[in-house]
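# Observations on the model geometry
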Amino acid sequence: MKILHKIGIIGAAGVVGSAVAYTLLERSLAEELVLSDANTSALKSHVMDLQFSRVFHTNCSVRAGNYAEMKDSDLIIICASVSPFSSSVKSRLDYLKVNGLIIEDIISNLTDLNYEGMIITASNPADVLNYAVYYKSKWPRERIMGYSWNDTVRLQYYTAMETGVPLEDVEHALSVGEHGEQQLPLFSNIRIKEKGMLNGGEICNIKKRMDNFFVEYRALGVGRTIGWTTAQGIARMVGALDSDTPARIPCSAILDGEFGLKNLSIGVLAEVNRKGVLRVIEEALSEEDKKRLVSVAEKLEPFMRKVEREN
């Protein structure tokens, strides 16, 4: 029997939300999916498509629903967002302001319903918005996680490309810090099977690939965010939350003393299971990397305090 009987997806008509819905259905990671989106026509088209595909996955139902119908969900995944390529978004602050209002409305609706399940915040900027979910809802921090796995995924992918080895030969890849510009790839953690640590030249080239990714992707001009990768990562998170056995995953977690930091959300390695975040794995970082993480936290902190002021 599944632990996660019902999963709600808010913002299910967008690139990320629809990809998440499809991936959860395809992997049978819930008994019921309830989808919502402000774009009701697009939502209905996705729901119809997914309902037809249930012929191949009969043990998971899919339907559109409102907040009240998500009240008893074990997990809600927030994907709602304005497009980062929108003409109204000219800076990080613009993106935060618009998406912050969306998150505030979502949390207001869920708290009015006394929602008691878990939350994955997939809307960006993930760290600040995940903190907004926590601060405005007053829910236990263990139940709230921001999605940041894509940074680690890209680190592993580019490491394999640069070293010429299969993806599975890259071990212990981990990126922490901010999900975005201030990400911290932990190169010292990486090991290549039958080779060992990365050399300086490899690290330099991998870092260059990662730094150039967003510029190259935006230059394509397609106005599409990264959906399939995010969906795969969220499905992995859901699988971990659907288990009694603890699993280690990269995510944005609410800190309460870890690394000497409090009252913010930032990317870390965490141990999770059906109870949510069990602990932040501080020992995954060297002393030098811990200092770098604190430095990133100091840059993020003003955004967290802004969330508190606007409460």
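As shown above, the structure is provided for reference.
A few points on the structure. (Residues numbered from 1 in each chain as written. Predicted model: local features only at pLDDT ≥ 70, side-chain atom pairs only at ≥ 80, totals over all residues. Heavy atoms only, no water.)

Glancing now at the packing of aromatic side chains. Applying the stated rule across the entire model yields six aromatic pairs. Measuring from centroid to centroid gives 5.7 Å for Y115 and W139, while their planes differ by 70°, and the two rings are edge-to-face. Here the residue Y115 occupies a position in the loop between helix 4 (92-112) and strand 5 (118-121), and W139 occupies one in the loop between helix 5 (126-137) and strand 6 (144-146), the gap between them amounting to 24 residues. The burial state of Y115 is the same as that of W139; both residues are buried. (Phe/Tyr/Trp six-rings, centres within 6.5 Å; stacked < 30°, edge-to-face > 60°. Helix = DSSP H or I, 4+ residues; strand = E, 2+ residues; numbered from the N terminus. Buried < 20%, exposed > 50% of the residue type's maximum accessible area, 1.4 Å probe, protein only.)

Moving on: helix 8 (residues 228-241). For helix 8, with 14 residues, the first-to-last C-alpha span of 20 Å sits near the 20 Å given by 1.5 Å per residue. For helix 8, every residue scored as buried is listed here: T230, A231, G233, I234, A235, M237, V238, A240 and L241. (Expected span 1.5 Å × (residues − 1).)

This part is about the pairing of strand 1 (residues 6-10). Where burial is concerned, most of strand 1 is hidden: five out of the five residues are buried. The alternating pattern of strand 1 places K6, G8 and I10 and I7 and I9 on opposite faces, both of which are buried. For the segment spanning strand 1, helix 1 (residues 15-26) and strand 2 (residues 32-36), crossover handedness is right-handed. Examined bridge by bridge, strand 1 and strand 4 (residues 75-78) share four bridges and lie parallel to one another. Bridging from a neighbouring strand, I7 pairs with L75 of strand 4. (Right-handed = clockwise from strand over helix to strand, strands pointing away. Pairing = 2+ DSSP bridges.)

The next point concerns the nonpolar core. Ranked by internal contacts, the top residues of the largest apolar core, which has 84 residues, are I7, L24, L35, I77 and V238. For this core, the element with the most residues is helix 8, which contributes seven residues. Residue contacts for I77: discarding those within four places in its chain leaves I7, G8, I9, I10, V20, L24, I120, I234 and V238. Counting 15 residues, the second-largest nonpolar core is a separate cluster that includes A160, I206, F213 and I226. (Core = buried A, V, L, I, M, F, W, Y, C linked by side-chain atoms within 4.5 Å. Contact = heavy atoms within 4.5 Å.)

Take V294: it is sitting in helix 9 (residues 287-309). V294 sits in the partly exposed class, given a relative accessible area of 25%. C-alpha separation for the pair V294 and G260, spaced 34 residues apart in sequence, amounts to 8.1 Å. If near-sequence neighbours (up to four positions away) are discounted, V294 is found in contact with F259 and L261.

Look at helix 5: 16 Å from first C-alpha to last across twelve residues, which is about the 16 Å you get at 1.5 Å a residue. Most of helix 5 is tucked away, with ten of its twelve residues classed as buried. Along helix 5, the positions that sit buried rather than exposed are A126, D127, V128, L129, N130, Y131, A132, V133, K136 and S137. Residue K138 follows helix 5 closely and has a positive phi angle near 65°.

Before going further, it helps to spend a moment on the environment of Y22. Relative to the assigned elements, Y22 resides in helix 1. Classification of Y22 as partly exposed rests on a relative accessible area of 40%. Taking the C-alpha atoms as reference points, Y22 and H46, separated by 24 residues in sequence, lie 9.1 Å from one another. When near neighbours in sequence (up to four residues on either side) are disregarded, Y22 contacts L50 and W228.

So, to be careful, I would describe these as geometric facts and stop short of saying anything about function.
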